[in-house]
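# Overview (structure and organization)
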Number of protein chains: 2
Amino acid sequence: MNQLSLEFIQGLKNIFPEGGLSLKPEEFPAFWLDRSTLKPQAPLAIAWAERAGQVAALLKLCNEARVPVTARGAGTSLEGNSIPSEGGIVLSLERMNQVLEIMPQDFEVRLQPGVVYDELNRQLAPHRLFFAPGPSSGDTATVGGMIGNNAGGLNALRYGVTRNHVIRLQVALADGSLLWYGTQALKTSAGFDLVQLMVGSEGMLGIVTEIVLRLQALPQRRTALAQFKTVEAAAQAVFEIMSTGIVPGALELIDASCIHYVNIYKGWEWEETPTLLMEFHGAPAGTDSEVSTARRACESLGATKFLLAENEAMAEQLWAGRKEITNAEKALYPNHAILNGDIAVPLSKYAATIHFAKEAGEAKGMPMTLFGHAGDGNIHCHVLVPPNVPGAQAKGEEVYSQIIRYALAAGGTVSAEHGIGLAKKEFLVEEHGEAVEVMRKIKRALDPNNILNPDKMFH
Amino acid sequence: MNQLSLEFIQGLKNIFPEGGLSLKPEEFPAFWLDRSTLKPQAPLAIAWAERAGQVAALLKLCNEARVPVTARGAGTSLEGNSIPSEGGIVLSLERMNQVLEIMPQDFEVRLQPGVVYDELNRQLAPHRLFFAPGPSSGDTATVGGMIGNNAGGLNALRYGVTRNHVIRLQVALADGSLLWYGTQALKTSAGFDLVQLMVGSEGMLGIVTEIVLRLQALPQRRTALAQFKTVEAAAQAVFEIMSTGIVPGALELIDASCIHYVNIYKGWEWEETPTLLMEFHGAPAGTDSEVSTARRACESLGATKFLLAENEAMAEQLWAGRKEITNAEKALYPNHAILNGDIAVPLSKYAATIHFAKEAGEAKGMPMTLFGHAGDGNIHCHVLVPPNVPGAQAKGEEVYSQIIRYALAAGGTVSAEHGIGLAKKEFLVEEHGEAVEVMRKIKRALDPNNILNPDKMFH
């Protein structure tokens, strides 16, 4: 189908008033794509919901007319997760952006799906609370989108990924019904866990219209940086710190390649060696002791540098090396496409996986950066593909695929925190085999007409 | 159906050798029940699996013959979860009790489902690792059973419940296929999370035949006890400790009623007031600081006592009040049935829920104890029902139901960590409403002939 019937269009107009609906998607090219390098796809219409009832009514209409619906937060997904399905509608949740109720005594908040991550934390800060995962796209990403992709981030090591924070969801189902999954208890074991099934389902099993999150108390933070001669030493430091029973707020590894690009971009002179960024969260005396333990572990592994941030400004400086990676790439490799890998491997395979990835990139002459949430075994690799160079895209994809297959063979995953979307469908099958058929059965049971973001995750 | 066909029996014999099958279930009355007070149900046969292939073959046979199968670990469930289905088979996993591979560098372990919780931790201890939840039945409960019911325990506040530790499962499906869900990465967002769907599914979506758990480093522990004049003060202390950013290893509340019974039973003279038991986990300097913070919070709330355990023996003494509750009940109220409540409410409702429960019990003259994992909002209430007293069972059940409905109205759950089983089916509907129909759709999609523990969770 590549056009909408008049009856369907009238149905849309009945649900969405003037200003809440566009039948001219060509005017909104930003809605054709996400932050991946995948081909944009124009939807046939774009609707902006302001209430849950509109979402449910839209799904009922689309279900009867068999029109695909792709829910969209801020479109910061990296695997095509929110690229419109062909012949379908985009449902934007960006106007459902209200924090509805902060419940500090419960360590909970109730909110709409279009609230931006950083904005939520700004509103929570006066209560000394926060929603912890810490995605890099937090200045833009919506909480609804984070739930769709089970987003992780810097602080997932200590506090868990998005999945570990969601306790209740209002969900519009494919048939237009609107119901609640979960309760406001922090712990439950009552029936199949539908909340957990929704988290990471990429808008394919229902559309989230309201959310209750559990929150954490804002901790004291200490930030430290260590540099190592080898990736092995850095990875071993991660292992040894975690072995002491410390649960760090963050443990990020930045490979020498990242420091190299950031040095050129910013004019810095950091030593270009594997670098570990650490956060320790808790009460001051506890974090002081954790820093000492971490310092001993790093020094016993031959760390060439160990810097402890003395204040917030210095902590930001230490983090800058991590946060400028993408900016450096864009400045030094203008117009290059970034193939954005998101593998995770068992911790014992971390260093070997980084070596393999570097060698795979070098063998094809592709510039690449490697960094990641080392405490979770998560490695992001950016393969930089030059524009207009014949064969470069294919070479980049080959490197990218080699790295993913290495991770899978090591017992790891193709996606630690970005989801599957359009980009990783073939790898989902490689990772999960026949279990993908179980996912399909669940999809068919809850969306028999296959209208919810139907072209994502599996064929 | 109340007998098995000869053909089916031959099928069983082909799968399970002599000693692995009993067609005389009357010889094994322990397999007719769990640890609830529900009516025992005799199965038609009992099979003891020693390998995953037998489990899969049994399910294929039962699926073709439409014979129900109830998987069983140690039978420590409390809601009838592992009571055999009428006309069905019991599949015992207790012989699949091998720890297959300890992977200290990955913080992971691979094991069979019949491994007992405490035994697993005994084998992990030399590696300075542990599987954290800490169920009270840990000396008997199997890890497979913990997964079936998403068991919690003392340490769930810091480390999460069973759900948060399971990363990979081998599962036998209703049709006899055998496949893997999940990977060995500590973090993943690749497709619908089938591992999470299995955890807490009470043997209704498949039978777990092999498990990979993520582990925690064994921490240093400090144990402290505080006593308060009121439940409100104790609950407020829980809130204030958690508000500092401390994540305690345990935060257990014991109501005065528990202390009262334990005092009589053990001849102790503890003050009979609301009592908080606390564990602080981490490096010594950190836990010292956490203890100071907790002490200040407790004292500012008028705590009448604050005891810090100076050694392991004293820590055990402090915990004894909690651990002797059930023994005291059994000694003081011999032959009484215990209605074992397992609600959780949002933290701000904790004190009020305890008051409501006490008053509900007193109004009907039912002896009762209240205690629980306060940091999670979890309250266990034991309503003690005398034997052979006309009307007592009905009165006990009325009290029990009133408490559950209070918790549900407060936004809570009927089951924090015991599951639904047979005992709480009506409350599942009260808690989740139409969402139960979504659970049913998933059940039908994965077990179309309804052979997997078919009478549990919902009608």
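Since the model is a prediction, treat every value here as computed from it, not as a measurement. Along each chain, residues carry numbers from 1 onward, in the same order as the chain's sequence is written. Whichever chain is written first is A, and whichever ligand is written first is 1; the rest continue in order. Local features in a predicted model are, by the rule used here, given only for residues with pLDDT of at least 70; side-chain atom pairs are given and counted only at 80 or more, and totals for whole chains, interfaces and linings are based on all residues. Working from all heavy atoms in the structure, the side-chain values ignore hydrogens and water.

This part covers the overall build of chain A. By the criteria applied, helices consist of DSSP H or I runs no shorter than four residues and strands consist of E runs no shorter than two, each listed in order from the N terminus. Helix and strand content of chain A: 15 helices and 19 strands. Relative to the 2.2 N^0.38 estimate, which gives 23 Å for 459 residues, the radius of gyration of chain A is 22 Å and therefore close to what a compact globule would have. Each residue is assigned to one of three classes by its accessible area relative to the maximum for its type, calculated with a 1.4 Å probe on protein chains only: buried under 20%, partly exposed between the two thresholds, exposed over 50%. Relative to its full complement of 459 residues, chain A shows a buried share of 64%. A contact between two residues is defined here by any heavy atoms of the two lying within 4.5 Å. A separation of at least 24 residues holds for 70% of the contacts in chain A among residues at least 6 apart in sequence. For the purpose of counting charges, residues Lys and Arg are taken to be positive, whereas Asp and Glu are taken to be negative. His and the chain ends are not included. A single reference atom marks each charge: NZ on Lys, CZ on Arg, CG on Asp, CD on Glu. Charge separation in chain A, taken as the distance between the mean sites of 39 positive and 50 negative side-chain charges, equals 2 Å. In this description the radius of gyration comes from C-alpha coordinates, and the expected globular size is given by 2.2 Å times residues to the power 0.38.

Copy-to-copy alignment: least squares on C-alpha atoms, limited to residues at pLDDT 70 or above in both. Superposing chain B onto chain A takes a rotation of 180 degrees combined with a translation of 0.0 Å along the rotation axis, leaving an RMSD of 0.0 Å. Both copies are brought into coincidence by an operation consistent with a two-fold rotation axis. Of the C-alpha atoms belonging to chain B, the one lying closest to the rotation axis is found on B:Gly286, 1.6 Å away. Looking at the interface residues of chain B, 100% of them are also at the interface in chain A, so both copies use one shared face.

Residue and element names in this part refer to chain A. Residue alternation in strand β2 (residues 45-48) divides its side chains into two sets, Ala-45 and Ala-47 and Ile-46 and Trp-48, and both sets are buried. Where β2 meets strand β4 (residues 89-92), 4 bridges bridge the pair, whose relative direction is parallel. Note on β4: the bridge partner recorded for Trp-48 is Ser-92. For two strands to count as paired, DSSP must find a minimum of two bridges between them.

Taken together, the 81 residues of chain B in the interface contact 82 residues of chain A. A simple way to read buried area is as the amount of 1.4 Å-probe accessible surface that goes missing from two parts once joined, with both sides added. With both sides pooled, the region where chain B packs onto chain A buries about 6500 Å², and carbon together with sulfur makes up 63% of that total. It is B:Lys187, B:Ser189 and B:Phe192 that lose the most area in chain B upon contact with chain A, and together they represent 14% of the buried surface on that side. Here a salt bridge means any side-chain nitrogen of Lys or Arg lying within 4 Å of a carboxyl oxygen belonging to Asp or Glu. On inspection of chain B and its partner chain A, the count reaches 6 salt bridges. Put simply, B:Lys187 and A:Glu417 hold a salt bridge, and the shortest N to O gap is 2.9 Å.

Attention shifts here to the side chain of B:Asn155. By secondary structure assignment, the location of B:Asn155 is in the loop between α4 (143-149) and α5 (156-159). Apart from the residues within four sequence positions on either side, B:Asn155 is in contact with B:Phe130, B:Ala132, B:Pro133, B:Gly134, B:Gly160, B:Arg221, B:Gly249, B:Ala250, B:Glu279 and B:His281.

The next point concerns helix α2 (residues 52-65) of chain A. Side chains that are three or four residues apart share a direction in an α-helix, a result of its 3.6 residues per turn. Residue and element names in this part refer to chain A. Between the first and last residue of a helix there are one fewer steps than residues, each counted as 1.5 Å, and that sum is the expected span. Taking 1.5 Å of rise per residue, 14 residues should cover 20 Å, and α2 covers 20 Å from first to last C-alpha, within 8% of that figure. For α2, the full list of buried residues reads Ala-52, Gln-54, Val-55, Ala-56, Leu-58, Leu-59, Leu-61, Cys-62 and Asn-63. Backbone geometry just downstream of α2 places Arg-66 in the positive-phi region, at approximately 55 degrees.

Let us look at the sheet that holds strand β4 (residues 89-92) of chain B. Residues and elements named next belong to chain B. Spatially, β1-β2-β4-β3 is the arrangement adopted by the 4 strands of the open sheet, whose pairing is mixed. The strands lining the two open edges of the sheet, one partner per strand, are β1 (21-22) and β3 (69-72). As judged from the 4 bridges shared by β3 and β4, these two strands associate in the parallel manner. Residue pairing in the sheet places Ala-71 in a bridge with Leu-91 of β4.

A separate point is a nonpolar patch on the surface. On the surface, a cluster of nonpolar side chains totalling about 250 Å² of accessible area is made up of B:Ile264, B:Tyr265 and B:Leu332. Turning to its location among the elements, B:Tyr265 is positioned in helix α8 (residues 256-266). Without a salt bridge and with relative accessible area above 30%, a residue can belong to a patch; like charges are then joined within 9 Å and nonpolar side chains (Val, Leu, Ile, Met, Phe, Trp, Tyr) within 5 Å. Working definition of accessibility: Shrake-Rupley area with a 1.4 Å probe, residue cover restricted to the visible protein chains.

Turning to the environment of A:Arg158, a few remarks are in order. Following the sequence through the fold, A:Arg158 ends up in helix α5 (residues 156-159). Take A:Arg158: its relative accessible area is 17%, and that puts it in the buried class. When the C-alpha positions of A:Arg158 and A:Pro133 are compared, they lie 8.9 Å apart, and in sequence the two are 25 residues distant. Among all residues touching A:Arg158, those that are not within four sequence positions of it are A:Val247, A:Pro248, A:Gly249, A:His281, B:Gly245 and B:Val247.

All right, on to the packing of aromatic side chains then. Here the distance between the centres and the angle between the planes together describe a pair of aromatic rings. Classification of ring pairs rests on two measures: the distance between centres of Phe, Tyr or Trp rings, Trp counted by its six-membered ring, which must be within 6.5 Å, and the angle between planes, read as stacked under 30 degrees, edge-to-face over 60 and tilted in between. Enumeration over the complete set of coordinates arrives at 20 aromatic pairs over all chains. When the centroid spacing of 5.6 Å and the interplanar angle of 75 degrees are considered together, the rings of B:Phe31 and B:Trp48 count as edge-to-face. Taken as a pair, B:Phe31 in the loop between β1 and β2 (45-48) and B:Trp48 in strand β2 lie far apart in primary sequence, 17 residues in all. Judged by its relative accessible area of 6%, B:Trp48 is buried. When the centroid spacing of 5.4 Å and the interplanar angle of 85 degrees are considered together, the rings of B:Phe130 and B:Tyr159 count as edge-to-face. Taken together, the positions of B:Phe130 in strand β7 (residues 129-130) and B:Tyr159 in helix α5 put the pair 29 residues apart, joining distant regions of the chain. When sorted by exposure, B:Phe130 lands in the same class as B:Tyr159, which is buried. Here the aromatic residues A:Phe28, A:Phe31 and A:Trp48 are joined through ring pairs into a cluster of three or more. Its guanidinium or amino end placed over the ring of A:Trp180, A:Arg168 lies 4.2 Å from that ring's centre, counting from NZ or CZ. Only when the NZ of Lys or the CZ of Arg is both within 6 Å of the ring centre and within 35 degrees of the ring normal is a charge said to sit over the ring.

Moving on to the sheet that holds β4(A). Residues and elements named next belong to chain A. Strand order in the open sheet formed by 4 strands is β1-β2-β4-β3, with mixed pairing between adjacent strands. Each end of this open sheet is capped by a strand with a single partner; those strands are β1 (21-22) and β3 (69-72). Taken together, the 2 bridges between β1 and β2 define a ladder with antiparallel strand orientation. Pairing of Leu-21 across the sheet is with Ala-47, part of β2.

The next subject is the environment of B:Ser82. Residues and elements named next belong to chain B. Its location among the elements puts Ser-82 in the loop between β3 and β4. Since its relative accessible area comes to 8%, Ser-82 is described here as buried. Counting along the chain gives 223 residues from Ser-82 to Lys-305, while the straight-line C-alpha distance between them is 42 Å. Excluding anything up to four places from it in sequence, Ser-82 contacts Asp-34, Thr-70, Ala-71, Arg-72, Gly-75 and Ser-77.

Residue and element names in this part refer to chain B. Assignment of secondary structure puts Thr-273 in the loop between α8 and β14 (275-282). In protein, a polar contact requires one atom able to donate a hydrogen and another able to accept it; more generally it is a pair of N or O atoms within 3.5 Å, and residues adjacent in sequence count only if both atoms are side-chain atoms. One polar contact links the side chain of Thr-273 to the main-chain carbonyl oxygen of Phe-228, over a distance of 3.3 Å. Dropping the residues within four chain positions of it, Thr-273 is found in contact with Gln-227, Phe-228, Ile-254, Ala-256 and Ile-259.

Take helix α12 (residues 350-363) of chain B next. Residue and element names in this part refer to chain B. Taking 1.5 Å as the rise per residue, α12 with 14 residues should run 20 Å; its terminal C-alpha atoms sit 20 Å apart, in good agreement. Of the residues making up α12, those classed as buried are Tyr-350, Ala-351, Thr-353, Ile-354, Ala-357, Ala-360 and Gly-361. Contacts made by the buried residues of α12 are with α7 (231-243), β13 (250-254), β17 (343-344), β18 (368-373), β19 (378-385) and α13 (392-409). Residue Gly-365 follows α12 closely and has a positive phi angle near 65 degrees.

The subject of this paragraph is the pattern of salt bridges. Scanning all chains against the criterion turns up 42 salt bridges over all chains. For B:Asp447, the salt bridge is made with B:Lys443, and the minimal N-O distance between the two is 2.7 Å. When salt bridges that share partners are traced, they join A:Glu101, A:Arg110 and A:Glu210 into one network.

A residue's pLDDT is the predictor's confidence in that residue, given on a scale from 0 to 100. Averaged over chain A, the pLDDT score is 96; the fraction of residues at 70 or greater is 100%. Scored by ipTM, the complex comes to 0.96, with pTM at 0.97.

Residues and elements named next belong to chain A. Counted residue by residue, strand β18 (residues 368-373) has 6 buried out of 6 residues, so it is predominantly covered. Strand direction decides the pairing type here: β18 and strand β19 (residues 378-385), joined by 4 bridges, are antiparallel. Bridging across to β19, Phe-371 finds its partner in His-380. Where β18 folds back on β19, the antiparallel hairpin that results is connected by 4 residues, among which Gly-377 adopts a positive phi of roughly 75 degrees.

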